[in-house]
Amino acid sequence: MKVTIIGSGLAGATAAAALHDAGADVRVLEQSPVWGGQLRTEHAGGILYEPHGAHILHTTDRQVWDFVTDRVEMLPYRHRVMTEVGDRVLSWPPQISELEQLPQWADIRRELDQCPRTPRTTNFETWCEDIMGPTLYALFIRPYTIKQWGTDPRELAAQWAPKRIELRVDGYRDLFRDPYQGWPRGGYLTLIDALLGGVPVELGAPVDAENVAERTRGADAVVLTAPLDVFFRHALGELPWRGVRLESHFIPGADHVLPCGVVNHPGLDQTYTRRIETKWMSGQTRTGTVVSYEYPGAPARHYPVDDVEGKNRGLAHDYRALVAQELGPRVHLAGRLATYTYIDMDQAIRQGLNAAARILKQTDTGAKARS
């Protein structure tokens, strides 16, 4: 069986590794001069940092965790995030026990008592206000959202809010509750290197609808992880994305600068949305650290824009239908770019594993039919 993978990000590399393990003849085509997509790790003064933002592997999926830990050593790390609110640095998600110390607590308490049992899903803003009230929303969420997405929160769908935003009363301060969490020793590029070890990868090899037949000739199956509007040269229109850029600063002589790995800054007094100190994740003990400032609005494809009217989701659906129509059942989609979804790392791995499983099942079914 021959399989061509288009794209060497986490989903594509996962599919490549799973298929290679199963004995398939796999090759990867990557248009960039390096593999790994957004999973990059760089050094400054010997200190690791991520130039494309913080990546945290957390999951409830034991198969995903085993798939990763069979290939790299995962350092124990439980991710914590804090938020700067005025002159205070508070936990994220917000904790009631900390909020009681705010001067606005009387208003916050009254608004919480008035919150409906079931939040409205009219848009992102109505959902947030219904779970925490207008005061907390204005302190923690609204200005951050305006900076991050470059639009009024009422123009965004509420669909993804329940997974990202909550108000806690139990004192649990890790961001994620998943049982499996960690950070790969040496950085995430070590994971990509391990996934693609033994798999031929052609770098600087752009593939789109015009040349895909030629570039995948002889392949029994194809895994496509590229953005579909770019792949089809915007035949149906352009899918909007929101990108970020990071400015990273090496600070010699310091152990840590931030109180945890990520500190959000929702206020409009600064144009960055958060600061990241990867040294909390990497567990390095040498002197020096790197603090990265994350600025939204870069011309990059990091976050799909889930608009309240659902136009972007509809356009993404039309592009997926075009894949089926033009390329047929041998092409399988995986990853956030191809599926136009806001997913975590474990979901990208899961999509890569699922694509590989579908291909292997199709091949097995075809072999049985021929026999």
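See the structure printed just above.
A brief structural summary. (Residues numbered from 1 in each chain as written. Predicted model: local features only at pLDDT ≥ 70, side-chain atom pairs only at ≥ 80, totals over all residues. Heavy atoms only, no water.)

## Some thoughts on helix H11 (residues 311–327)
Link 1 in the chain: With 17 residues, H11 extends 24 Å from end C-alpha to end C-alpha; this agrees with the ideal 24 Å at 1.5 Å per step.
Link 2 in the chain: Gly-328 sits one or two positions beyond H11 and adopts a positive phi of about 85°. (Helix = DSSP H or I, 4+ residues; strand = E, 2+ residues; numbered from the N terminus. Expected span 1.5 Å × (residues − 1).)

## So, the packing of aromatic side chains
Link 1 in the chain: Scanning the model with the defined rule gives 14 aromatic pairs in all.
Link 2 in the chain: On the basis of an interplanar angle of 65° and a centroid distance of 5.9 Å, the ring pair of Trp-149 and Tyr-303 is categorised as edge-to-face. With Trp-149 in helix H5 (residues 124–149) and Tyr-303 in strand S15 (residues 289–304), this residue pair connects regions lying 154 residues apart in the sequence.
Link 3 in the chain: Overall, Trp-149 belongs to the buried group, its relative accessible area being 9%.
Link 4 in the chain: Here the aromatic residues Phe-124, Trp-149, Trp-160, Tyr-303 and Tyr-342 are joined through ring pairs into a cluster of three or more.
Link 5 in the chain: Sitting over the face of the ring of Tyr-342, Arg-164 holds its NZ or CZ atom 4.2 Å from the ring centroid.
Link 6 in the chain: Residue placement shows Arg-245 over the ring face of Tyr-295; its charged tip is 4.5 Å from the ring centre. (Phe/Tyr/Trp six-rings, centres within 6.5 Å; stacked < 30°, edge-to-face > 60°. Buried < 20%, exposed > 50% of the residue type's maximum accessible area, 1.4 Å probe, protein only. Lys NZ or Arg CZ within 6 Å of the ring centre and 35° of its normal.)

## Quick notes on the sheet that holds strand S6 (residues 74–75)
Link 1 in the chain: Taken in spatial order, the 3 strands of this open sheet run S5-S9-S6, and their pairing is antiparallel. Sheet topology places strand S5 (57–59) and S6 at the edges, where each strand pairs with a single neighbour. (Pairing = 2+ DSSP bridges.)

## With respect to the side chain of Gln-148
Link 1 in the chain: In this structure, Gln-148 sits in helix H5.
Link 2 in the chain: Other than its neighbours up to four places away in sequence, Gln-148 contacts Arg-242, Val-244, Thr-273, Glu-294, Pro-296 and Tyr-303. (Contact = heavy atoms within 4.5 Å.)

## A word on the sheet that holds strand S7 (residues 81–85)
Link 1 in the chain: Read across the open sheet, the 6 strands follow the order S8-S7-S13-S14-S15-S12; overall the sheet is mixed. At either end of the open sheet lies a strand with only one pairing partner, and these are strand S8 (88–92) and strand S12 (241–251). The sheet shows a mean angle of 30° between the axes of neighbouring strands, taken without regard to direction.
Link 2 in the chain: Strand direction decides the pairing type here: S7 and S8, joined by 5 bridges, are antiparallel. Residue Thr-83 lies in a different strand from S8, and its bridge partner there is Leu-90.
Link 3 in the chain: Helix-sheet contacts for H5 involve S7, S8, S12, strand S13 (262–264), strand S14 (274–276) and S15, and the interaxial angle to S15 is about 65°. (Axes fitted to C-alpha atoms, helices over the stretch in contact; angles between N-to-C directions.)

## Description of the environment of Pro-162
Link 1 in the chain: Locating Pro-162 in the fold gives a position in helix H6 (residues 161–164).
Link 2 in the chain: When its relative accessible area of 47% is taken as the criterion, Pro-162 is described as partly exposed.
Link 3 in the chain: The spatial distance from the C-alpha of Pro-162 to the C-alpha of Ile-131 is 9.8 Å, given a sequence separation of 31 residues.

## Some points on the packing of helix H4 (residues 105–114) against H5
Link 1 in the chain: Closest axis-to-axis distance for the H4/H5 pair is 7 Å, and the angle between their directions is 155°. Our classification of the angle between H4 and H5 gives roughly antiparallel. Taken as a pair, H4 and H5 cross one another with a handedness that is right-handed. Contacts between H4 and H5 involve Asp-107, Ile-108, Glu-111 and Leu-112 on the former and, on the latter, Ile-131, Met-132, Gly-133, Pro-134, Thr-135 and Leu-136.
Link 2 in the chain: The residue makeup of the contact of H4 with H5, split by class, is 6 nonpolar, 2 polar and 2 charged. (Parallel < 35°, antiparallel > 145°, perpendicular 65-115°, else oblique. Left-handed = near helix turned anticlockwise from the far one by under 90°. Nonpolar A, V, L, I, M, F, W, Y, C, P; charged D, E, K, R; others polar.)

## What about the nonpolar core?
Link 1 in the chain: Within the largest apolar cluster, 99 residues are counted, with the highest numbers of intra-cluster contacts made by Ile-5, Leu-10 and Ile-141.
Link 2 in the chain: Per-element tally for this core: the top contributor is H5, with 9 residues.
Link 3 in the chain: For Leu-10, the contacting residues outside a window of four places in its chain are Leu-39, Leu-191, Ile-192, Leu-195, Met-345, Ala-348 and Ile-349.
Link 4 in the chain: In terms of nonpolar packing, the next biggest core, distinct from the first, is built from 5 residues, Leu-258, Cys-260, Val-263 and Val-291 among them. (Core = buried A, V, L, I, M, F, W, Y, C linked by side-chain atoms within 4.5 Å.)

## Structural notes on the packing of helix H1 (residues 10–21) against helix H7 (residues 188–196)
Link 1 in the chain: Two numbers describe how H1 lies on H7: the axes approach to 8 Å, and their chain directions differ by 35°. Between H1 and H7 the crossing geometry is left-handed. Two secondary-structure elements touch here, H1 through Leu-10, Ala-13, Thr-14, Ala-16 and Ala-17 and H7 through Leu-191, Ile-192, Leu-195 and Leu-196.
Link 2 in the chain: Class assignment of the residues belonging to the contact of H1 with H7 gives a composition of 8 nonpolar, 1 polar and no charged.

## Focus on the pattern of salt bridges
Link 1 in the chain: Scanning all chains against the criterion turns up 26 salt bridges.
Link 2 in the chain: One salt bridge in this structure joins Arg-275 and Glu-84, with 2.5 Å as the shortest N-O distance. Residue Arg-275 is located in strand S14, and its partner Glu-84 is located in strand S7; the two are separated by 191 residues in the primary sequence. Of the two residues examined, Arg-275 and Glu-84, each falls in the buried class.
Link 3 in the chain: A salt bridge links Asp-170 to Arg-177, with the nearest nitrogen and oxygen atoms 2.9 Å apart.
Link 4 in the chain: Classification of Arg-177 as partly exposed rests on a relative accessible area of 42%. (Salt bridge = Lys/Arg side-chain N within 4 Å of Asp/Glu carboxyl O.)

## Some thoughts on the pairing of S7
Link 1 in the chain: Within S7, 5 of the 5 residues are buried, which leaves the element mostly enclosed by the surrounding structure.
Link 2 in the chain: A two-sided burial pattern is seen for S7, the buried positions comprising Val-81, Thr-83 and Val-85 on one face and Met-82 and Glu-84 on the other.
Link 3 in the chain: Taken together, the 3 bridges between S7 and S13 define a ladder with parallel strand orientation. Residue pairing for S13: Val-81 is matched across the bridge by Val-262.

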